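# Coordinate inspection notes
So the chains spell out like this:
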Amino acid sequence: MIYQLNADVRNFGKAISELSDVDIYACYQCGKCTAGCPIVMEMSHTPNQIMKLIQLGLKEEVLNSLTPWLCASCETCTTRCPKGVDIAKIMDTLRILARKEGYQSKEPNVVNFNDIFLNCIKNKGRLQETHLAMMYNLKTRQFFKDADIGQKLFMKGKISLTSDRIKGTDVMKNIFEKSRAFLGKGE
Ligand code: SF4
Ligand code: SF4
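The rules behind each value
Residues numbered from 1 in each chain as written. Chains lettered and ligands numbered in written order. Predicted model: local features only at pLDDT ≥ 70, side-chain atom pairs only at ≥ 80, totals over all residues. Heavy atoms only, no water. Near = heavy atom within 4 Å. Nonpolar A, V, L, I, M, F, W, Y, C, P; charged D, E, K, R; others polar. Phe/Tyr/Trp six-rings, centres within 6.5 Å; stacked < 30°, edge-to-face > 60°. Lys NZ or Arg CZ within 6 Å of the ring centre and 35° of its normal. 1 Å grid on protein atoms, 1.4 Å probe; cavity = no way out; pocket = protein on both sides within 12 Å on 5 of 7 lines; lining within 4 Å. Points joined across faces, edges and corners; volume = space filled by probe spheres on them. Helix = DSSP H or I, 4+ residues; strand = E, 2+ residues; numbered from the N terminus. Buried < 20%, exposed > 50% of the residue type's maximum accessible area, 1.4 Å probe, protein only.

Turning to the site of ligand 2, a few remarks are in order. Near ligand 2, the surroundings consist of Cys-37, Pro-38, Ile-39, Pro-47, Cys-71, Ala-72, Ser-73, Cys-74, Glu-75, Thr-76, Cys-77 and Ala-88. Broken down by class, the residue content of the shell around ligand 2 amounts to 9 nonpolar, 2 polar and 1 charged.

What follows is the structure, given as structure tokens:
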């Protein structure tokens, strides 16, 4: 295992800095990240609030927050931060940590989408939109959600139901295995 989160809540901020390689204590609460975030109106905590909660070591509040799961990784916050704080990377780190430590996402469909997306890349070496939409709708029990548009696109030859794979999917699986090992999930 490459890293081990110190369970001591007082060390939460330090641990997030180490895991993300981002100095979370550089944040001085100017709010520019939040002002530019396109999803902020849906979030339970704004990006700058997440930064402050991490600095205060409030692990439970941070890892139970909806915010990291709604973050679209657009990196607007990172680009706007006058202190060079890579907040998008912090959000990535929080998602990884929340899953690693068994916190339940308040937005389970985001987790479902991420899992289906990554499994598709891992097994086929590329994303197949039809597969992604079908698997997501099945998993979230929205069986007829895209049936109308899907049928029209299929009839026009815009989508295919066949499953294309790249050559050498073993290489892709190897990348996933190494990533899991790096994150401490590997065998
Ligand atoms: S833009 Fe940077 S310094 Fe300002 S609140 Fe956001 S993270 Fe903190
Ligand atoms: S990366 Fe996430 S937190 Fe940052 S601006 Fe985009 S959606 Fe908001």
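Before going further, it helps to examine the packing of aromatic side chains. As enumerated under the stated definition, the model contains 2 aromatic pairs in all. The ring centre of Tyr-28 lies 5.7 Å from the NZ or CZ of Lys-83, which sits over that ring.

A word on the layout of surface pockets. By volume, the second largest pocket is sized at about 380 Å³. Lining the second largest pocket are 17 residues, and of these Ala-133, Met-134, Asp-146, Ala-147 and Gly-150 lie nearest its centre. Those elements that place two or more of their residues in the lining of the second largest pocket are helix H9 (129–139) and helix H10 (147–155). For the lining of the second largest pocket, the per-class residue count stands at 11 nonpolar, 4 polar and 2 charged.

Glancing now at unusual backbone geometry. The backbone phi angle of Asp-21 is positive, close to 60 degrees, even though this residue is not glycine. Here Asp-21 shows up in the loop between helix H1 (12–20) and helix H2 (32–36). Located in the positive-phi region is Arg-141, a residue other than glycine, with phi close to 55 degrees. Within the secondary structure, Arg-141 sits in the loop between H9 and H10. By relative accessible area, which is 64% here, Arg-141 ends up exposed.

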